[in-house]
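# Tertiary structure, described
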Amino acid sequence: MGYDHFMLTIGSVEIGSPFVQAALSGYSDLPMRTIAKRLGCRFTLNEVVLDKFIMYPGKKNKRDLAMTDDMHPVGGQLMGSDPDVFAEAADVMVRAGYDVMDINFGCPVKKVLGRCRGGYMLGHPDEALAIVRNVYGAVSDRVPVTVKMRRGMDDSPEAERRFFEIFDGAFEIGVSAITVHGRTVEQRYKGPSKWEFLSTLKKYAGDRVVLGSGDLFRAEDCIRMLEQTGVDGVTIARGCIGNPWIFRECEALLAGRPKPDPPTIAEQRAVIAEHCELAREFFGDDRATRIMRKHCIRYASRHPSPKKVRRAFAEDVKTPKDWQNVFDHFYDSSVDYPAIPDDDAQLVAAGAEG
Ligand SMILES: Cc1cc2nc3c(=O)[nH]c(=O)nc-3n(C[C@H](O)[C@H](O)[C@H](O)COP(=O)(O)O)c2cc1C
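From a predicted model like this one, the values you see are computed outputs, not experimental measurements.

Cut-offs and rules
- Residues numbered from 1 in each chain as written.
- Predicted model: local features only at pLDDT ≥ 70, side-chain atom pairs only at ≥ 80, totals over all residues.
- Heavy atoms only, no water.
- Salt bridge = Lys/Arg side-chain N within 4 Å of Asp/Glu carboxyl O.
- Helix = DSSP H or I, 4+ residues; strand = E, 2+ residues; numbered from the N terminus.
- Core = buried A, V, L, I, M, F, W, Y, C linked by side-chain atoms within 4.5 Å.
- Buried < 20%, exposed > 50% of the residue type's maximum accessible area, 1.4 Å probe, protein only.
- Contact = heavy atoms within 4.5 Å.
- Near = heavy atom within 4 Å.
- Polar contact = N/O pair within 3.5 Å; in protein donor to acceptor, adjacent residues only side chain to side chain.
- pLDDT = per-residue confidence, 0-100.
- Axes fitted to C-alpha atoms, helices over the stretch in contact; angles between N-to-C directions.
- Parallel < 35°, antiparallel > 145°, perpendicular 65-115°, else oblique.
- Left-handed = near helix turned anticlockwise from the far one by under 90°.
- Nonpolar A, V, L, I, M, F, W, Y, C, P; charged D, E, K, R; others polar.

## Structural notes on the pattern of salt bridges
Under the criterion given, the structure shown has 19 salt bridges. In this structure, the salt-bridge partner of Arg161 is Glu158, at a minimum N-O distance of 2.9 Å. With Arg161 and Glu158 both in helix α7 (residues 157-173) and three residues apart, this pair spans about one turn of that helix. Across the pair Arg224 and Asp221 runs a salt bridge, and its minimum N-O distance is 3.2 Å.

## Observations regarding the nonpolar core
Phe19 and Phe105 are the most contacted members of the largest nonpolar core, which totals 70 residues. Setting aside chain neighbours within four positions, we find Phe19 in contact with Cys41, Arg42, Phe43, Cys222, Ile223, Leu226, Val234, Ile236, Phe247, Cys250, Glu251 and Leu254. In terms of nonpolar packing, the next biggest core, distinct from the first, is built from 25 residues, Trp245, Ile291, Ala312 and Val326 among them.

## Observations concerning the site of the ligand
Close to the ligand lie 18 residues; Ser25, Gln77, Ser213, Asp215 and Arg238 are nearest. Separating an oxygen atom of the ligand from a backbone N or O atom of Ala23 is a distance of 3.1 Å.

## With respect to the confidence of the model for the protein
For the protein, the average pLDDT comes to 93, and 94% of its residues sit at 70 or higher. Low pLDDT, under 50, characterises residues 348-354; the stretch is placed with 13 contacts to residues that sit more than four places away or in other chains.

## A few points about helix α8 (residues 195-205)
Each α-helix winds once per 3.6 residues, and so residues spaced three or four apart point in a common direction. Where α8 is concerned, the buried positions are Trp195, Phe197, Leu198, Ser199, Leu201, Lys202 and Ala205. Among the residues trailing α8, Gly206 stands out with phi positive, at a value near 65°.

## Thoughts on the side chain of Arg151
In this fold, Arg151 is placed in the loop between β8 (145-150) and α7. For Arg151, the side chain forms a polar contact with the side chain of Asp155, separated by 2.8 Å. Leave out the neighbours within four places in its chain, and Arg151 touches Phe163, Val180, His181, Gly182, Arg183, Thr184, Gln187, Lys194 and Phe197.

## Notes on the packing of helix α6 (residues 125-139) against α7
Between α6 and α7, the least distance of the axes is 10 Å, while the angle of their chain directions is 20°. Judged by the inter-axis angle, α6 sits roughly parallel to α7. Like other packed secondary-structure pairs, α6 and α7 cross with a definite hand, here right-handed. Residues Pro125, Asp126, Ala128, Leu129, Val132, Arg133 and Tyr136 of α6 form the contact with α7, whose own contacting residues are Arg162, Glu165, Ile166, Gly169, Ala170 and Ile173. By residue class, the composition of the contact of α6 with α7 is eight nonpolar, one polar and four charged.

Structure follows, in structure tokens:
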């Protein structure tokens, strides 16, 4: 596969790589995105933010608008139901420095659907396109606008018709790319992401930029999705939680190089410790401890004794000081650990929990 073929560009923003860190609610905050960037990811998305929350000053709002010089290019993602509020919130995010404005029409969480947000929009093309139109009007003079969708509300022909009404309508308004997760809203995370739908869609889309999502747990999956479906890029979601090394693995495989060796114990320790420290600075001790528990449990998947390490992170860490004990006990590079397994079974099992 030729590397040059996959120089993803989203409107005016050159990404230069097809591998994107997906928006991940509860995960893809500034610390996680910083780690991904340092380990070679070229484009990351912030977790979805409710439009109303972005409008009102508060701790959460401040954190979602936080930006660092080395974060660019970065996408912000919004969810909401009122086209005017949505557009105002998009303007706030762009003024904060986000380089791409992404619109969430995919979230399958019941409460979100009940409040006419996220995946609800896939059943209501007029409402969805009113949001796209307003957001485009508000920020497209400064940044590209993109949309994230699932492949429909459900498997009915009506749902598919609505999907295409939104897909075509959004591109007609002027969006620069659409990311499609190959599951339906009804499906949530049950069953596979339908990659055949992505292949058909990309053929239909022609030059319009389509990114694929769903079941990308290993670097090999990402390459396979690019090859099999022809999408212009892939957004890596559960596959990069606790596994930021996936980006360098993807780049190597795409360039025709061998997959790099799994991260050594010393490398793992350095990255996890840095992530923990960034989280501590960003969130403060209490919140960082809670948030990093989820990440550390996933980081444990790349350790030769994943179960023990997972348990230690889950049960023994009550304050940030306790991280050090886990590092000293399980990530001591003077100890001769068993060979670090190459991802496969272990990572797939970890991803499937999400
Ligand atoms: C914990 C979690 C949080 C997510 N948060 C978001 C989000 O904020 N915005 C979004 O567009 N998709 C979100 N997604 C969906 C993912 O970006 C992705 O489309 C989906 O997980 C399918 O990819 P995967 O099977 O490779 O994980 C989330 C998924 C998970 C598991």
